[in-house]
Amino acid sequence: MISSLLKVLAAVSFLTFLCPAKGDSAASWIWQKDDGPANSWVAFRKTVEVPVVPSKAVATIAADTKFWLWINGELVVGEGGSAGAPSPAAPWRRVPEIWTTDAATKPRNTWSEEVNIQPYLKPGRNTIAILVWYWGRETLKGTHIDSGRGGMLFQAEIGGGKVVSDASWKAKLHPAYDPESGDTGKMVVAYNVKYDARQDMGDWSAKAWTGGDFSDAGWPAAVAKGQPPAAPWHNLVKSYVPRLIDHGLQDYENYPASRFPFVSDGKTIEAKLPFNRQITPYFEIESEAGKSIEISTDDRLNVIKAYYTTKAGPQRFEAYSWMNGHSVRYAIPAGVKVLGLKYRWMSVGELAGSFECSDPFLQRLWWMGRNTLFVCARDNFMDCPDRERALWIGDVSDQAGYLFYAMDESGRGLLKQAIRTTMAFSDNHVFGALGPLRIRELPSQSLQFIPQGIWQYYFNTGDRETLEYAYPFVRGYLGLWEMDAGGLPKYRSGGSQDSWDWVDWGEKDTEDKKVIQAALYYMALDSARDMAGVMGSAGDTAWYDSRLASMRDGFDKKYWTGKCYSSKPGKLQDDRANCLTILSGLADPSKYDSIVETVLIPNLYCSPHFEWMAEMAMCKAGRHDAALARMKVRYGKQVGMKNLTTLYETFPIGGSYNHAWNAPNTVLSREIAGIAATKPGWSEYQVLPHLGELTSLKEVVPSVKGTIVVDIRREGGTFRLDLKSPAGTRAMVGIPKPTGGISSVKVNGKEIGKAGGNGVDPAGETPDFLQFSVGPGAWSFEAAE
């Protein structure tokens, strides 16, 4: 009788019966007794009794730094948590030691995310298992702020009861992960993975620690470290980015299931990916104990590796520190039986947009640009995934142009996150151009971020709340500039010791910094004026108008040479500076042809960071064919490299082979396909294609209103344009006017002529287009010469 009672009590000791949900959660941050250590992996378990599975059960989870969630042994979240910090927990201030690990000087809040765990629950006993990886360091490229303490918080309402993280959970430092896994250097904050399978806890087996059949009786209880808003995590802020898309374990292109099993001959196995992806590598093997396996990629700049020591018998392993490349390299000792090789690809959203056309070069280039965008997106938009993973706001500004043509809500959320984080960690009106940890002013990138990052985000999403948050910082930053007697802004090299007067890589000694900065300042003022209009800030609008007017009066007097713009006539004819004069509106249209012929066609000085702007300026000047010709010269070598699927940091090749500031997609989508929002949130947009020699073009645009599909074909003297337009939109469609004019126009098979009708409204004519306005739905235009 006593024995039976003891068994019941033992069962109750590890079961939690759901209590009715009352008021706020009592969830605590929990961890092991020690605060760290750095690069530690801590396993958590909790078993709960669920009488009836509800229709929905949403869990809120936060971790310092990354987490993996299993329920009843099934993986629910492949990688959760986000590096960085959403906002300071107190007024932010610059600290003298910008890489100090003293969390008290850098208080920050913590990202959280929500997960619907209902599909994984079952009536009766359920086991929740969470693996948390605490980084515990900061790096030279200051994207992640270290709190100084590892932690995990979980809370979920299941039916009428709650499950919360507290001291009733079990927690154990995972013995197989070695914190001495090898430093990845001063750039990438994540570590290598070093895993000794002889010390595992049944990982990846039927009786793994993540499932219900595992006994955690010998595990210590978790230690509660405080409830929100306890330091050092402070308040929880829900992530703006939906969870990473887990595409599941997939076969490599050259290692399908039919190739297994085989016995390794000791030579490195090169397993090919479809294109350059962020992946976690996986293998299944049979081996004796004590063998060493190393995993890396073909990327010469990749610093992430995985090291695995075998146990005896069949085993499998997935290295959770993601790496990227075109192929994954497995160094497996001779004699080890290889049962399978796979990888897990996780992406920020789906590959939502697409571009097809009759020119294979341009189609492949757009595809390479899209791949580059995706491999440079994870916790934040980054400059590159291998060498830095840093949130340079100039790179983000470049990415912002084409993410609206290639990414879904996840991409828009990631840009929102970048904007809010950058603004939150500003200091004395100076943007954190490499934030949030490092408040480093780069004047050119900071100015670019205003029109091409913040305003472009608002215009493509209609997210007024984020604009309202960012606007005061924009106004404060632009106010730092002083004006000279000629009505132009005084050149600003940066207002702090940690500033960097950098404009672009490109060809040495060709940057016309004075013209570049003045034009970028004008663009920023112009966008800020639009922001003030949305905010209803009439006083600010007048201030912007005054500065814009003084710049228009003084710019030509100081910099126009008669053929182009230059601060040193005869010495500098910079394509960067001159393209900005067109894009900003400082150059009068009467000067466009001279600028294009004198500078933008012959001078190829800029890096990819400015290249797309040079091509956009040529399109704005009406020189679309010249823009495409320049694009083919600049990207010709890369597109011709059939083993390359992303775009290089420099021209023709060099640096990282997947660098975010390549944005030819913006030119192809916005100018060649001619698809662009004309009112905030894509409530109105235009389709004004400039096809040149193209005979067909099809683009899918994942707008905030829904998917837009434009399909164009030219055959003989007939132009056809099919449009699928989502609800809540109005589209202006332009029919290109051939030399001989347009003889007839049909819509959905019925003749409408220039007058419209049949649900189609006339929208006027330009020298290039006959224009019509249509509402949502499917529209088929056909025009004959």
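Located above this text is the structure these notes cover.
Source: prediction; values computed, not measured.

(A) The arrangement of the nonpolar core in detail. Leu 478, Leu 723 and Phe 781 are the most contacted members of the largest nonpolar core, which has 142 residues in total. The element contributing the most residues to this core is helix α7 (residues 513-535), with 14 residues. Apart from the residues within four sequence positions on either side, Leu 723 is in contact with Tyr 685, Ile 708, Val 709, Val 710, Ala 731, Val 733, Val 774, Gly 777, Ala 778 and Trp 779. The next biggest cluster of nonpolar side chains, apart from the first, holds 50 residues, and it includes Leu 131, Ala 190, Tyr 191 and Ile 332.

(B) How the structure looks around the sheet that holds strand β35 (residues 777-784). The strand order across the open sheet built from 7 strands is β24-β27-β28-β29-β35-β31-β32, with neighbouring strands paired in antiparallel fashion. Strands at the two margins of the open sheet, each flanked by one partner only, are β24 (354-357) and β32 (750-751). Pairing geometry for β24 and strand β27 (residues 696-703), over 4 bridges, is antiparallel. For Phe 355, the partnering residue across the bridge sits in β27 and is Glu 699. Sheet contacts for helix α2 (residues 360-375): β24 and β27; angle to β24, the most-contacted strand, approximately 170°.

(C) View of the sheet that holds strand β25 (residues 675-677). Pairing in this open sheet of 5 strands is mixed, and the strands run β25-β26-β30-β34-β33 from one edge to the other. Across the chains shown, the open sheet's two edge strands, defined by having one partner strand only, are β25 and β33 (761-765). The sheet shows a mean angle of 20° between the axes of neighbouring strands, taken without regard to direction. Pairing between β33 and strand β34 (residues 769-774): 3 bridges, direction antiparallel. Paired with Pro 762 across the strands is Phe 772, a residue of β34.

(D) Structural context of the environment of Ile 285. Relative to the helices and strands, Ile 285 is located in strand β18 (residues 269-287). C-alpha of Ile 285 to C-alpha of Ile 439: the two residues are 154 residues apart in sequence and 47 Å apart in space. If we skip the residues at most four places from it in the chain, Ile 285 touches Ile 293, Tyr 308, Thr 310, Gly 313, Pro 314, Gln 315, Val 336, Lys 337, Val 338 and Leu 339.

(E) A look at the pairing of strand β5 (residues 58-64). Within β5, 6 of the 7 residues are buried, leaving the element largely enclosed by the surrounding structure. Relative to strand β8 (residues 110-116), β5 is paired through 4 bridges, and the arrangement is antiparallel. Bridge pairing in β8 links Thr 60 to Glu 114.

Rules and cut-offs
- Residues numbered from 1 in each chain as written.
- Predicted model: local features only at pLDDT ≥ 70, side-chain atom pairs only at ≥ 80, totals over all residues.
- Heavy atoms only, no water.
- Core = buried A, V, L, I, M, F, W, Y, C linked by side-chain atoms within 4.5 Å.
- Buried < 20%, exposed > 50% of the residue type's maximum accessible area, 1.4 Å probe, protein only.
- Helix = DSSP H or I, 4+ residues; strand = E, 2+ residues; numbered from the N terminus.
- Contact = heavy atoms within 4.5 Å.
- Pairing = 2+ DSSP bridges.
- Axes fitted to C-alpha atoms, helices over the stretch in contact; angles between N-to-C directions.

Geometric values such as these leave the question of function open.
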